[in-house]
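Coordinate inspection notes
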Amino acid sequence: MPTDISPSTRLRAWERAMEWPLAGAAVVFLGAYAWEVLTNAQGGAKEAAEFVIGAVWALFGVDYLVRLVLAPSRGRWFLHHLPDLAIIVLPILRPLRLLRLVTLVSIMQRSAGTALRGRITLYTAGSATLLIFTSALAALDAERHEPGSSIQSFGQALWWALTTITTVGYGDTFPASTQGRFIAALLMIGGVALAGVVTATLASWIVSLVEEENAEQEAATQAQVAALQQQVSELSERIDRLLKVPDSGR
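Rules used in this analysis
- Residues numbered from 1 in each chain as written.
- Predicted model: local features only at pLDDT ≥ 70, side-chain atom pairs only at ≥ 80, totals over all residues.
- Heavy atoms only, no water.
- UniProt positions renumbered as here; feature names shortened; annotations may be inferred.
- Helix = DSSP H or I, 4+ residues; strand = E, 2+ residues; numbered from the N terminus.
- Buried < 20%, exposed > 50% of the residue type's maximum accessible area, 1.4 Å probe, protein only.
- Arc of directions from axis to C-beta.
- Contact = heavy atoms within 4.5 Å.
- Axes fitted to C-alpha atoms, helices over the stretch in contact; angles between N-to-C directions.
- Parallel < 35°, antiparallel > 145°, perpendicular 65-115°, else oblique.
- Left-handed = near helix turned anticlockwise from the far one by under 90°.
- Nonpolar A, V, L, I, M, F, W, Y, C, P; charged D, E, K, R; others polar.

Those residues carrying the UniProt feature "transmembrane region" (unreviewed entry) are residues 20-39, 51-70, 85-108, 120-139, 151-170 and 182-207 in this numbering. Helix makes up 95% of residues 20-39 and strand 0%, and the two end C-alpha atoms of the span are 28 Å apart. Across residues 51-70, the secondary structure splits into 100% helix and 0% strand, with the terminal C-alpha atoms separated by 29 Å.

With that settled, the discussion passes to helix α4 (residues 82-89). Because the α-helix completes a turn every 3.6 residues, residues three or four places apart line up on one side. Of all the positions in α4, only Asp84, Ile87 and Ile88 are classed as buried. Within α4, the buried residues cover an arc of 95 degrees as seen down the axis, which keeps them to one side. Turned more than 90 degrees away from the buried face of α4 sit Pro83 and Val89, all of them exposed. Of the surrounding elements, those touching the buried residues of α4 are α2 (43-70).

Turning next to the packing of helix α1 (residues 7-38) against α2. Axis separation between α1 and α2 bottoms out at 9 Å; the angle between their running directions is 165 degrees. By the criterion of interaxial angle, the relationship of α1 to α2 is roughly antiparallel. Between α1 and α2 the crossing geometry is left-handed. Each residue belonging to the contact of α1 with α2 can be placed in one class, and the counts come to 22 nonpolar, no polar and 7 charged.

Residue position: Thr163 is located in helix α7 (residues 154-165). Relative accessible area serves as the criterion here: at 6%, Thr163 is assigned to the buried category.

Here it is in structure tokens:
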């Protein structure tokens, strides 16, 4: 039995082992952050929520460092995971770490087979829901006490997130703070990306339908050709037998 385990194997083993714990931690993070924002927690309640958020954040940081250490090529891994580092280091991006909840979507998707469009649809729906909800929370957190802001309730923040991610932008609600505008920019980029995924999925579905229809027509044509070949073969055999029959008039 080999005793040496490659770094890539250890990295995959760590990621598999931490998949559910990190997903659960993300749920806890979401609950604590949402409760703090929606209740406008103050005093001891706010400190308790911040403690939970900080603990979960530390777990995400430890996971990042362990994966960096276990990576077979740390420099390449570091460059490919700059968004993870930015989300951990920059406080303004902290709410976006809630997208780790997509891990739950991937775990549930394992039971859905290998249908690519099904996985893409589930990822898109889950990501859009999380992006809208977390962006609304982050916008409300940033705008609630901002002078001149039109986002003062979760309902207004949710409406703003929906109109922003769909690139509709009625203009009745909009962020006034720098952090709120930064969240809006990320949300608009995410909305365009999700629209591209939906368009690509729809195009893939249409192409697959055309390919299936063409495959059925090709199979039917091949069956007809095979039947014609069989008939020609039978006719050829009959002709050969007739030609071999001796002339009875001689």
